[in-house]
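Coordinate analysis (summary)
Letter by letter, the chains look like this.
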Amino acid sequence: MGRSNSKSETVTDRCDRTWLNRFAWFTTVATLLLICSGGMVTSKGVGLAVPDWPTTFGYNMFMFPVSKWIGGIFFEHTHRLIASAVGFLTIILTVWLWRNEDRQWVRNLGIIALAAVILQGVLGGLRVTMLKDEIGIFHACLAQAFLGLIVLIALTTTNFWRSFSDVRICHKKIARLRGMAIAITIAIYAQLALGATMRHQHRGLAILDFPTVNGGWIPDTSASALAKINTWRDARALSDVDAFQIWLQMAHRFLAFLIAIAVIAFCLRAWRDARSLPSLRRLSILWFTLLICQLALGAWTIWSNKAADIATAHVAVGASMLCFGVSISAICWRISHPELSRARSPDAPQDVAA
């Protein structure tokens, strides 16, 4: 009977881990949907379609009549509802981690995620009540960071993560891959922050052609050139631009070029140095595939004059690239630190030499 109970407990624990992991990935998908919803709100310029918070035109948010979900109100109100759902999912995920997860550092990730989603909700409300675009930029950046954190939690609760304990690869090679992956991921996050800054200016594109820049290759931002550009834009009912906006978009393009070169370099190095890690090699190929899609969507966003659906798809694929960067960086780090798959037993002897 004792042996049977032991087996039953093992199967139960394994089942609990499986459902915990599925729930974590479900929360990840919901968070990505939330970012897409926020992208539509910003791209359509309807962030203030609902002027009050946390109520909706005086109604309890969850009691707002469906018949009034029209126009910009639909996008803003559904964004709030999805945000509320993600908040509830994060609370459940955090409690679940603390009840079932045996690794303290993973449990701590749940606490950080809970704090982040609370802060994100507060920032979203302040963006409405204080009418400050800067808060919207922080709101967008925190959303991307939160997504990366949830992806990390989901990854670390997989059997796939635990399976790396037996992987053997040259320390120098994995350290090189890890450094590249982390650097690229940071660059992608910076690129998303630049994109958020441009979107939350609530103006048209500063540069309307691609790959050229106002007909040339290097932007002319002298006073006379800006006057000519704005005269042309005024005749077409477009918002005026200044030198900062033009160079901001140029920085976005230049960083995209650097990220593209870096992802290609990582993919080539992974296929050369990580032959014993087919999963990492496949992830690098998918990362490269997302890169191609993202570059195409970036160009399409400009050619379509920032059409809302195209711009939102651009945001979504950018967020997906960040997720892959976080995952690949975490896997490289995991291989370098086998102890990350195990919980530290309070009865286990400590290695003084370590």
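A few points on the structure. As the structure is a prediction and not an experimental result, all values here were calculated from the model. (Residues numbered from 1 in each chain as written. Predicted model: local features only at pLDDT ≥ 70, side-chain atom pairs only at ≥ 80, totals over all residues. Heavy atoms only, no water.)

This next bit is on the overall build of the protein chain. The helix and strand inventory of the protein chain stands at 10 helices and 0 strands. Counted from the first residue to the last, the protein chain has its helices and strands arranged as α-α-α-α-α-α-α-α-α-α. Looking at the protein chain as a whole, 47% of its 354 residues qualify as buried. Long-range contacts, defined as pairs at least 24 residues apart, comprise 77% of the intrachain contacts of the protein chain with a sequence gap of at least 6. Counting every atom, the protein chain has about 18600 Å² of accessible surface; 67% of that belongs to carbon and sulfur. (Helix = DSSP H or I, 4+ residues; strand = E, 2+ residues; numbered from the N terminus. Buried < 20%, exposed > 50% of the residue type's maximum accessible area, 1.4 Å probe, protein only. Contact = heavy atoms within 4.5 Å. Areas by Shrake-Rupley, 256 points an atom, 1.4 Å probe, with all protein chains shown as cover.)

Outside of glycine, negative phi angles account for most residues, and trans bonds account for most peptide bonds. For the bond from Trp53 to Pro54, the omega torsion is 5 degrees, close enough to zero to count as cis. Looking at where Pro54 falls in the secondary structure, it is placed in the loop between α1 (2–43) and α2 (72–100). The linkage connecting Phe210 with the following residue, Pro211, adopts the cis geometry, with an omega of 10 degrees. Tracing the chain through its elements places Pro211 in the loop between α6 (171–199) and α7 (223–234). With a phi close to 55 degrees, Asn214 is a non-glycine residue in the positive phi region.

Here the focus is the packing of helix α4 (residues 133–156) against helix α10 (residues 308–336). Where α4 meets α10, the axes come as close as 9 Å, and the angle between the chain directions of the two elements is 45 degrees. In terms of orientation, α4 and α10 fall into the oblique class. Considering only the axes of α4 and α10, their crossing is right-handed. Where α4 approaches α10, its residues Gln144, Leu147, Gly148, Val151, Leu152 and Leu155 are matched on the opposing element by Val315, Ala319, Leu322, Cys323, Val326, Ser327, Ala330 and Ile331. (Axes fitted to C-alpha atoms, helices over the stretch in contact; angles between N-to-C directions. Parallel < 35°, antiparallel > 145°, perpendicular 65-115°, else oblique. Left-handed = near helix turned anticlockwise from the far one by under 90°.)

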